[in-house]
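Chain residues, written in single-letter form:
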Amino acid sequence: MNNQTNKEPEMKDDTAECSMISFNDIDKVYGEDAPAEESVTALKGIDIDIERGEFVSVVGPSGCGKTTLLHMTAGILDATSGSVEINGVDVQSPQHERKEVGLVFQHPVALEWRTVRKNIMLPVQILKENGAIDHDKEYYRDRAEELISLVGLDGFANAYPNELSGGMQQRVTISQALIYNPSVLLMDEPFGSLDAMTKDDLNIELLRIWRETEKTILFITHDLDEAIFLSDRVVVLSPRPGQVAEVIDVDLERPRDEDTRGSERFVELSAKLHQHFKRLQ
Ligand code: ADP
Ligand code: MG
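Figured I'd write up the structure that's included with this text. Every residue gets a number counted from 1 within its own chain, in the order that chain's sequence is written. Throughout, the order in which chains and ligands are written sets their labels, letters from A for the former and numbers from 1 for the latter. Totals for whole chains, interfaces and linings use all residues, but because this is a predicted model, local features are given only for residues with pLDDT of at least 70 and pairs of side-chain atoms are given and counted only at 80 or more. Excluding hydrogens and water, the side-chain values take into account all heavy atoms of the structure.

Focus: unusual backbone geometry
Consideration 1: In this structure, P241 follows R240 across a cis peptide bond, with omega equal to -5 degrees.
Consideration 2: Every helix listed is a DSSP run of H or I at least four residues long, and every strand listed is a run of E at least two residues long, numbered separately from the N terminus. By secondary structure assignment, the location of P241 is in the loop between β9 (233–237) and β10 (244–249).
Consideration 3: The step from R254 to P255 runs through a cis peptide bond, and the omega angle for that step is -5 degrees.
Consideration 4: Along the chain, the position of P255 falls in the loop between β10 and α9 (264–280).

A closer look at the site of ligand 1
Consideration 1: Looking at ligand 1, the residues that line it are Y30, A42, S62, G63, C64, G65, K66, T67, T68 and R240.
Consideration 2: In the environment of ligand 1, an oxygen atom lies 2.7 Å from a nitrogen or oxygen atom belonging to the backbone of G63.
Consideration 3: Residues adjacent in sequence count toward polar contacts only when both atoms are side-chain atoms; beyond that, a polar contact is any pair of N or O atoms within 3.5 Å, and within protein one must be able to donate a hydrogen and the other to accept it. Between ligand 1 and C64 there is a distance of 3.2 Å, counted from an oxygen atom to a backbone nitrogen or oxygen.
Consideration 4: The biggest single contributor to the shell around ligand 1 is helix α2 (residues 66–73), with 3 residues. We call a residue near a molecule or strand as soon as one heavy atom of that residue lies within 4 Å of the molecule or strand.

Here's the deal with the sheet that holds β9
Consideration 1: Strand pairing follows a simple DSSP-based rule, namely that at least 2 bridges must link the two strands. Ordered in space as β6-β7-β8-β3-β9-β10, the 6 strands form an open sheet in which the pairing is mixed. The open sheet has two edge strands, β6 (101–104) and β10, and neither has a second partner. The sheet shows a mean angle of 15 degrees between the axes of neighbouring strands, taken without regard to direction.
Consideration 2: Summarising the sheet, strand β7 (residues 184–188) and strand β8 (residues 216–220) pair through 5 bridges and their orientation is parallel. Directly across from M187, in β8, lies its bridge partner F219.
Consideration 3: We call two residues in contact when some of their heavy atoms are within 4.5 Å. Note on geometry: axes are C-alpha line fits, over the in-contact stretch for helices, and angles between N-to-C directions span 0 to 180 degrees. Sheet contacts for helix α6 (residues 166–178): β6 and β7; angle to β6, the most-contacted strand, approximately 165 degrees.

Structure, rendered in structure tokens:
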């Protein structure tokens, strides 16, 4: 009997010890079966551990494999060798739950004929058709209302996407990604098409959402200052094949706000990252 009562806490400790996201020596070759001159080695030897609740950004020249890395983390693309684990579970194994991961792409994916509320509920409808949701619709409807507040869209639940600015549409996309309460949020240049001021505002909003929800965030951007402003660590990838060229620890105090970008330490870190980046070209 004693054994049984001891077992559960032990298992919990195991999960608490493993990283939230582990990239284990990943290579990715597109067209590996094609003639050598037609195959593309996108990533090589990627080995990174991201801890629970950490905010990590990946920067690197265009075409170095950032999106590839994110798609492998989401389990929608296979690694050629090596593995990606979320919470200790290989994303390619049947034990992996897709709901552990929320995805946000560069362009909003809201459907124009659905209201904000119904767009946020869209993933629920899709998974319901696959018989893969844990709660009833009522539960997710309440959750959608909470998320509308969380992302600052109060009053817009019944609006249609074309009534919203680009920044507000990305707030809808973030809510969509959070509907299942995933542990991990993957974001691929989510603010890349927004004007600079909207982007700065959304950066601050994202940090607030991150703080309130305690998610682990893997964020891709080509904006080096955005990476510093948001992150605990910035991973710099080399040109293709993408390899980890540098990892920069960002020791700026939190919470960060408008004044952070003007601080001496921010300017130093930004200069350091820009230098690393220049050396790669
Ligand atoms: P990034 O997001 O850093 O710009 P990607 O991950 O999109 O880079 O792409 C990395 C490299 O892999 C690029 O050279 C791209 O052309 C190539 N690539 C991406 N997807 C495919 C594919 N489906 N087939 C062949 N090559 C691809
Ligand atoms: Mg990309």
